[in-house]
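Below, each chain spelled out in residue letters.
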Amino acid sequence: MAGGLFAGSHGRNELHVLHGVDENRPSTREAATKLCRVCGDEIGFKENGELFVACTECGFPVCRPCYDYERSEGNKSCPQCNTRYKRHRGCPRVDGDDEENNDADDFEDEFQIKNHHQDTPDQQRANSPSENGEHNPHQWHPNGPAFSSIAGSVVGKDFDADKETYTNAEWKERVEKWKTRQEKRGLVPKLDDGGNDQGDEDDYLMAEARQPLWRKVPIPSSLINPYRIIIILRLIILAFFFRFRILTPAYDAFPLWIISVICEIWFGFSWILDQFPKWSPINRETYLDRLSLRFEREGEPNGLSPVDVFVSSVDPLKEPPIITANTVLSILSVDYPVDKVSCYVSDDGASMLLFDTLAETAEFARRWVPFCKKYNIEPRTPEFYFSEKIDYLKDKVQPTFVKDRRAMKREYEEFKVRINALVAKAQKKPEEGWVMQDGTPWPGNNTRDHPGMIQVYLGSAGALDVEGKELPKLVYVSREKRPGYQHHKKAGAMNAMVRVSAVLTNAPFMLNLDCDHYINNSKAIREAMCFLMDPQLGKKLCYVQFPQRFDGIDHHDRYANRNVVFFDINMRGLDGIQGPVYVGTGCVFNRQALYGYNPPVSEKRQKMTCDCWPSWCCCCCGGSRKTKTKKKGLKSLFGLGHYSKKKKMMGKNYSRKASEPVFDLEGIEEGLEGYDELEKSSLMSQKNFEKRFGQSPVFITSTLMENGGLPEGTNSTSLIKEAIHVISCGYEEKTEWGKEIGWIYGSVTEDILTGFKMHCRGWKSVYCMPKRPAFKGSAPINLSDRLHQVLRWALGSVEIFMSRHCPLWYGYGGKLKWLERLAYTNTIVYPFTSLPLLAYCMLPAVCLLTGKFIIPTLTNLASVWFLALFLSIIITGVLELRWSSVSIQDWWRNEQFWVIGGVSAHLFAVFQGLLKVLGGVDTNFTVTAKAADDAEFGELYLFKWTTLLIPPTTLIILNMVGVVAGISDAINNGYGSWGPLFGKLFFAFWVIVHLYPFLKGLMGRQNRTPTIVVLWSILLASIFSLVWVRIDPFLAKQTGPVLKQCGVEC
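Cut-offs applied
Residues numbered from 1 in each chain as written. Predicted model: local features only at pLDDT ≥ 70, side-chain atom pairs only at ≥ 80, totals over all residues. Heavy atoms only, no water. Helix = DSSP H or I, 4+ residues; strand = E, 2+ residues; numbered from the N terminus. Buried < 20%, exposed > 50% of the residue type's maximum accessible area, 1.4 Å probe, protein only. Contact = heavy atoms within 4.5 Å. Areas by Shrake-Rupley, 256 points an atom, 1.4 Å probe, with all protein chains shown as cover. Salt bridge = Lys/Arg side-chain N within 4 Å of Asp/Glu carboxyl O. Pairing = 2+ DSSP bridges. Patch = residues over 30% accessible without salt bridge, like charges linked within 9 Å, V, L, I, M, F, W, Y side chains within 5 Å. Polar contact = N/O pair within 3.5 Å; in protein donor to acceptor, adjacent residues only side chain to side chain. Phe/Tyr/Trp six-rings, centres within 6.5 Å; stacked < 30°, edge-to-face > 60°. Core = buried A, V, L, I, M, F, W, Y, C linked by side-chain atoms within 4.5 Å. Lys, Arg positive; Asp, Glu negative; His and termini not counted. Charge placed at Lys NZ, Arg CZ, Asp CG, Glu CD. Expected span 1.5 Å × (residues − 1). pLDDT = per-residue confidence, 0-100. Axes fitted to C-alpha atoms, helices over the stretch in contact; angles between N-to-C directions. Parallel < 35°, antiparallel > 145°, perpendicular 65-115°, else oblique. Left-handed = near helix turned anticlockwise from the far one by under 90°. Nonpolar A, V, L, I, M, F, W, Y, C, P; charged D, E, K, R; others polar. Disulfide = S-S within 2.5 Å.

Chemist: Could you give an account of the overall build of the chain, with specific residues and numbers?
Modeler: A tally of regular secondary structure across the chain gives 36 helices and 17 strands. Looking at the 1050 residues of the chain, the share that counts as buried comes to 51%. Restricting the contact set of the chain to residue pairs at least 6 apart, pairs at least 24 apart contribute 76%. Working note: accessible area of the chain is about 50,900 Å², and carbon and sulfur atoms make up 56% of it.

Chemist: Provide a residue-level description of the environment of G796, including the pertinent values.
Modeler: You can see G796 is positioned in helix α27 (residues 783–801). Sequence separation between G796 and V748 is 48 residues, and the spatial gap between their C-alpha atoms is 4.9 Å.

Chemist: Just give me the short version of the pattern of salt bridges, but keep the residues and values in it.
Modeler: Here the structure, examined in full by the defined rule, presents 32 salt bridges. In this structure, E285 and R215 form a salt bridge, with 2.9 Å as the shortest nitrogen-oxygen distance. Linking E285 in strand β4 (residues 282–286) with R215 in strand β3 (residues 214–218), this pair joins segments that are 70 residues apart in sequence. With relative accessibility at 33%, the residue E285 sits in the partly exposed group. With a closest N to O distance of 3.4 Å, E706 and K539 form a salt bridge. Of the two residues, E706 is situated in the loop between α24 (697–703) and α25 (716–726) and K539 in the loop between α16 (524–532) and β11 (541–545); the sequence distance between them amounts to 167 residues. Take E706: its relative accessible area is 17%, and that puts it in the buried class.

Chemist: Could you give me a rundown of the pairing of strand β8 (residues 473–478), with the residues and numbers involved?
Modeler: Counting buried residues in β8 gives six out of six residues, a clear majority hidden from the surface. Where burial is concerned, the two faces of β8 agree: the one with K473, V475 and V477 and the one with L474, Y476 and S478 are both buried. Summarising the sheet, strand β6 (residues 341–347) and β8 pair through five bridges and their orientation is parallel. Considered in β8, the bridge of Y344 is made with V475. Two elements, strand β7 (residues 452–458) and β8, share six bridges in a ladder whose sense is antiparallel. Bridge pairing links V456 to V475 in β8.

Chemist: Outline a nonpolar patch on the surface, supporting the account with residue identities and numerical values.
Modeler: A surface patch of nonpolar side chains, amounting to about 430 Å² of accessible area, comprises I229, I232, L233, I236 and F240. The topology assignment puts I232 in helix α8 (residues 221–247).

Chemist: Outline the side chain of H487, listing residues and values.
Modeler: Topologically, H487 is positioned in the loop between β8 and α15 (489–504). Within the local environment of H487, its side chain forms a polar contact with the backbone oxygen of R482, the two atoms lying 3.4 Å apart. In contact with H487, not counting residues within four places along its chain, are R479, E480, K481, R482, G492 and C729.

Chemist: Mind laying out the sheet that holds strand β10 (residues 518–519), listing which residues take part and the relevant values?
Modeler: Ordered by their spatial adjacency, three strands build an open sheet running β10-β15-β12, and the pairing between neighbours is mixed. Edge positions in the open sheet fall to β10 and β12 (549–551), since each of these has one partner strand only. Note: β12 against strand β15 (residues 775–778), three bridges, orientation parallel. Residue pairing for β15: R549 is matched across the bridge by K776.

Chemist: Explain the packing of aromatic side chains to me, and be specific about the residues and the numbers.
Modeler: Each aromatic ring pair is described using two quantities: the centre-to-centre distance and the angle formed by the ring planes. Applying the stated criterion across every chain, the model contains 51 aromatic pairs. Between the aromatic rings of F267 and W898, the centroid separation amounts to 6.4 Å while the plane-to-plane angle is 70°, which identifies the pairing as edge-to-face. Residue F267 is located in helix α9 (residues 254–275), and its partner W898 is located in helix α31 (residues 888–902); the two are separated by 631 residues in the primary sequence. Plain terms: the ring middles of Y582 and F589 are 4.9 Å apart, the flat faces sit at 85° to each other, and that makes the pair edge-to-face.

Chemist: Got a sec to walk through the nonpolar core? Specific residues and values, please.
Modeler: Membership of the largest hydrophobic core comes to 76 residues, with the highest contact counts inside it found for W368, W442, L474, L511, M529 and V544. Among the elements that make up this core, the one with the highest residue count is helix α12 (residues 352–375) (13 residues). Counting residues in hydrophobic clusters, the runner-up holds 70 residues, among them I230, I237, L791 and I992.

Chemist: Account for a positive patch on the surface, naming residues and giving values.
Modeler: Taken together, the side chains of K216, K540, K764 and K817 define a basic patch exposed on the protein surface. Counting through the fold element by element, K817 comes out in the loop between α27 and α28 (818–829). When its relative accessible area of 40% is taken as the criterion, K817 is described as partly exposed.

Chemist: Hey, could you go over helix α17 (residues 564–575) for me, with residue numbers and the actual values?
Modeler: Every α-helix winds through 3.6 residues per turn, so residues three or four apart in the chain are directed the same way. The end-to-end C-alpha distance of α17 is 16 Å, a good match for the 16 Å that 12 residues give at a rise of 1.5 Å each. Most of α17 is tucked away: 11 of the 12 residues are buried. All of the buried residues along α17 are V564, V565, F567, D568, I569, N570, M571, R572, G573, L574 and D575.

Chemist: So what's going on with the confidence of the model for the chain? Which residues, and what values?
Modeler: Across the chain, pLDDT averages 75, with 70% of residues at or above 70. No element of the chain has a lower mean pLDDT than helix α4 (residues 144–150), at 34, and none a higher one than strand β14 (residues 764–767), at 94. In this model residues 190–195 is a low-confidence stretch, pLDDT under 50, and it forms eight contacts with partners more than four residues away in sequence or in other chains.

Chemist: Let's hear about the packing of α8 against helix α30 (residues 860–884): which residues, and what values?
Modeler: At their nearest, the axes of α8 and α30 sit 9 Å apart, and the two run at 155° to each other. With respect to α30, the element α8 is oriented roughly antiparallel. Relative to α30, the crossing made by α8 is left-handed. For the contact of α8 with α30, the class distribution of residues is 19 nonpolar, three polar and four charged.

Chemist: Mind laying out unusual backbone geometry, listing which residues take part and the relevant values?
Modeler: Of note, the bond from E378 into P379 is cis; its omega dihedral lies within 30 degrees of zero at -10°. Structurally, P379 can be placed in the loop between α12 and α13 (382–387). Phi is positive for N563, which is not a glycine, with a value near 55°. For N563, the location among the structural elements is in the loop between β12 and α17. Phi is positive for K734, close to 60°, though the residue is something other than glycine. Considering the arrangement of structural elements, one finds K734 in the loop between α25 and α26 (750–760). Relative accessible area serves as the criterion here: at 79%, K734 is assigned to the exposed category.

Chemist: Which residues make up the packing of helix α10 (residues 288–295) against α16, and what values go with them?
Modeler: One way to put it is that α10 packs onto α16 with a least axis distance of 10 Å and a crossing angle of 75°. Regarding the angle of α10 to α16, the classification is roughly perpendicular. Every residue of α16 that contacts α10 at L288, L291 and S292 is listed here: R526, E527, M529 and C530. Looking at the contact of α10 with α16 residue by residue, the classes come out as four nonpolar, one polar and two charged.

Chemist: Which residues make up the state of the cysteines, and what values go with them?
Modeler: Here the structure, examined in full by the defined rule, presents zero disulfides. Cysteine C36 remains unbridged, with the sulfur of C63 as its closest cysteine sulfur at 3.8 Å.

Chemist: Give a description of the environment of V466 that names residues and reports values.
Modeler: Position of V466 among the secondary structure elements: in the loop between β7 and β8. C-alpha of V466 to C-alpha of A365: the two residues are 101 residues apart in sequence and 9.4 Å apart in space. Residues contacting V466, with those up to four places away along its chain left out, are R366, R367 and P370.

Chemist: Tell me what's going on with the side chain of R549, and back it up with residues and numbers.
Modeler: Counting through the fold element by element, R549 comes out in strand β12. A polar atom in the side chain of R549 sits 2.9 Å from the side chain of D568. Excluding anything up to four places from it in sequence, R549 contacts F567, D568, M769, P773, F775, K776 and G777.

Chemist: Mind laying out helix α14 (residues 401–426), listing which residues take part and the relevant values?
Modeler: With 26 residues, α14 extends 37 Å from end C-alpha to end C-alpha; this agrees with the ideal 38 Å at 1.5 Å per step. Restricting attention to buried positions, one finds in α14 the residues F401, R405, M408, Y412, F415, I419, L422 and A426. Contacts made by the buried residues of α14 are with α11 (321–332), α12 and α13.

Next comes the structure, spelled out in C-alpha cells:
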C-alpha cells in the first residue's frame, strides 16, 4: 500500500498502480471491552457479582472510583445525561443525598459490622431520632477525631450504629482498612508517613489522572468589572451624543451635517457589534501531565485518540515546496504516538514538483524525526530551527548533541539543494509532459483534466526511521478534475481529504493546516486533546481553534499583519460565549461535527400531559409525543434536529459485529430489533445515506463509527480503490457535501461559513492559547499583497451577506447564542463600513476648502458630551489592553490599518461582491511589482502598483491640500478665523495620522529618508510659502493716502 502511486477515475472504472506493489493491511482493531469512559479502567463488579452501574438513568459506563470522586469533588452528576448520581450502598454520603437510604445497611457494607441485626433496646434508642428529629448525642466515640479527619464525608449518625460492639483496637483496625480502600480510590489524601513506596506513588498518580484535563481561568474582577462599567457608560454617552447631533443641525452646511450624522450612527452600530461579544472574555489552562497519566499508562495500550492532519496546497511555484516540506516534517515529528498520526497533503494543482518533494521529504524524515525526539528540540521544522538566533545548547546535556546537530544541519542543507533542483527543473515544462522516474507519464500533466491520485508514504507498511522505529503515515492526495465540473477551490479540496482520510485511517479528530503553517509547539495536538477527550465537554465540541502567529514580520508590524487585537481580544471574548470563529488554519476538528450531525443533548424527562385541555392547545404547549418522535427521527438523519443517539448506538454495534465485509449497508438492519418501523426506515435507509454522504458504502460505514477506526475485514487494495472513488469529480453530485456536510461552499472565506453552520447546530468551540505558540506561519508584509489578502477576506464576507447563510436571518431555529450571532454579524457587515468611512475621511478636506463645518457652535453642555465621548473611547481602549495584555503599539497599528483597509480593500470588496453576486461579473485587480533594494525585510519596501492604492492616495492628497488651504485662509482673514480652524485641522490630522503607514508604504524608502520628514517638509514648506506671500517683504509699503485719478474732469 505504501509502495506505489495509485491513480484512477471512478467514472471511467479504471485504477492504475504506478511503480509500486500492493500489500495487504492487517486488521488492527480488537474487540472493545467494558471500560470506564472517564479514566479508561475496567468498570468492575459489585459484591453480588453484577456489573457496577453508576447512573441508573442512562447507564453511562463509569467505574466505582470515578463515581466516588465525581460525587465527592465533582458536580455529583452523570457526564452524559447530567442526572444527579444516586447513592449506592457502601458509598460515603455527600450533601444533597436522600435520607431514605438505610444508614445501618451502609454502615454494615462499609465496616463489615457483625451482629448488626441483634441490636439491644438501648442501642435502638441510641440510633432512633429524638422528638425534635435529631439523633441522640454520642455517648462513646473511640478514635473520633482521627476518624472524622480521614472520612469527612461520613456523618456522625453513620458512626453511631453499634457503637458499643467493638473495642478501641477493633475500631482502629476497621478504620485503617476503610482508609486504605478510600486512598486507593483517590478520594482522600494519604496521611501516613510511610507512603513513599511504589504502590502509594501509583495510587497518587491514579488520583491525579482523574483530575480535570483543563480549567477555565476567568479574567480577574478588578480588571473586567471596570471594563464593563465603562462600556455601559460609553453606550449611554453615545445615546446623548447622537441626541445632540440630530437635534442641532448645521444649517449653513446641511449636506455635510446629514452625511456626518449618518456615518456616525453607522460607526456606533459597528461598535456595538464589535464590543458586546467581548463582554465575558476567559482564559483556559490545560494539564498535559494529567492527559498522559490518564491515557498513557505503562503496560497498557495508548488511549490517546488518533488524529488526521490535513495540509492544503495549490501551486508549488507560488507556495515554495521547501516551506511545505518543513510543515510536513513538523507534523511527522510531533510529540504524539506515531501510530495515531496521519498526514494528508492535498495537491490541488496535480504538480509533479510537490509529488517529488514529498518523496524527498519522506526520505529525510527517516533521520529528522528520531533526531527531534531524541533531543526534544523546538520547533521541529528544520528551516526555522537552524535559523533561530538563540543558544541552541541551552538545557542540552547529551555529549553527542553537538555532533549530531552539525551532521543533521549538513543533511538538511543537502536536502534543500535537492529541493531547489526540483524547483529549477519545474520552471520549464517539457512539450511531451512530465515523466516519472520509472518512465511513466505523469497523470497530472493536464491540471484541469486528470484522474485522482493517491500515494502512501511511510506508516506501518512503509519505511522505518534510521533507528528502526515506525513513522507516521504520509499520504499524497490529488483529487480528480474534469472539465465541466465545479471543484469549489479550497473547500472542495478539504472535503476530498475528509473522505479520503475516513476511508484510509478514519481518525475521530482532524487538524487543518495551511502549507505555510508549521507546528511550532510539538505538544499542540495534546493541548487540543485536553479539551476534545474531556468526558463532559469533548462530545459537545466541534473544534479547538488556536491563534495564528507569524514569522518574518518586521518589528514595527506596519500593516498589522500579526492581527493581535483580533486573536488576543476578540477571540477570547467569543470563547466566553459559544466559542471562537474558525479562521481557516490551526484548528482541530471533531469529525462528527463536520458530518453535519448535531451535538449530543441531555435526555430530558417527558413532561406530564393531561386530557383536560383541547387538542388545539397541544400544538402550542408541545404537541403529542408521537409527533415529536417522528420529527426527531427524520431530522436527526439530515442534521436538522437533535443528534440521534440510537443511530450512533447502531453505529457502534455494527462496527463491533462486523465479521464480514462491511460494504453492504443492508447488513445494518440486523441490529434494529426493538426499534419502531419509522426509525428503521428513516435512519437505516441506504438511499437516504447515499443522498447525504454519497455512494460509498465504506465511507458511510465510517460515519457510523463515532470513535473512528477502520472496519474489520478490509484490505489495502479495496481501501485504495474506494479512496479513489471518493475523490472523483462527480462524487458530490446530488449529495449534501458543501451544503450541510464538510466545508461549506458559497464563499471564498469558507472557514467563517463552516464554523457558523456548526455553531447554529448547537456545537461549541474552544480557544486554546498555550504559552508556546502552537503554530506559526508566514504573512504578506508588502502593502499591496496585504491589501489583496484583506480584499479576499472582505469579499468572502460580502458573499456570505448576500447568501442564505447570512447571520442576520439564518439559523434562528437553532441554538446560536445572541452574542455569538452579533459576532458573526460583525464578520459579514464590516466591509460595508468602508462607505461611511470613505465619506467621513473626505469631510475634513471639504470643510477646510469650503470654510464650512459639520458641527455648529458648541455650547457648554455639548462640549461636555464631546469630551465625555472621547474620554470613554480612550478609557475603553486602556482597560481592554489591561485585561488582554496587548501592547499599545499593536492596538494602534490595528486602528491605523482599520482605516487603511476600510478605504481601499473593503471598498473594492463591496463593489466586487455586488457585481459578482448580482451581475455574475468576476473582477480581478492586477498587481505590478517593482524591485526591492533591501536584503532584510526587502519585501516590505517592495512597491507593487494596484488599483487598491487609488482611494487612500486620493484621501491623503485631499487632506494635505485642505490643511494648506485652511491655514492660508486663516492667515488672510486674521486672528478671528483661527478658532474654528482648530476643529477642522484636528479632524484632518486624524485622517492623515491613520493613513501614515499607507503613505510610508507608498513612498517606500526613498534614499532612506524617513517618510515623516518628507510629509512634514511638504506641509511646512507650503504653510511658510503662504505666510511669505501674505507678508510680501519685497514690496514697498505706502504710509499716506492712496491718490487715484477719479476720472472726472475738475
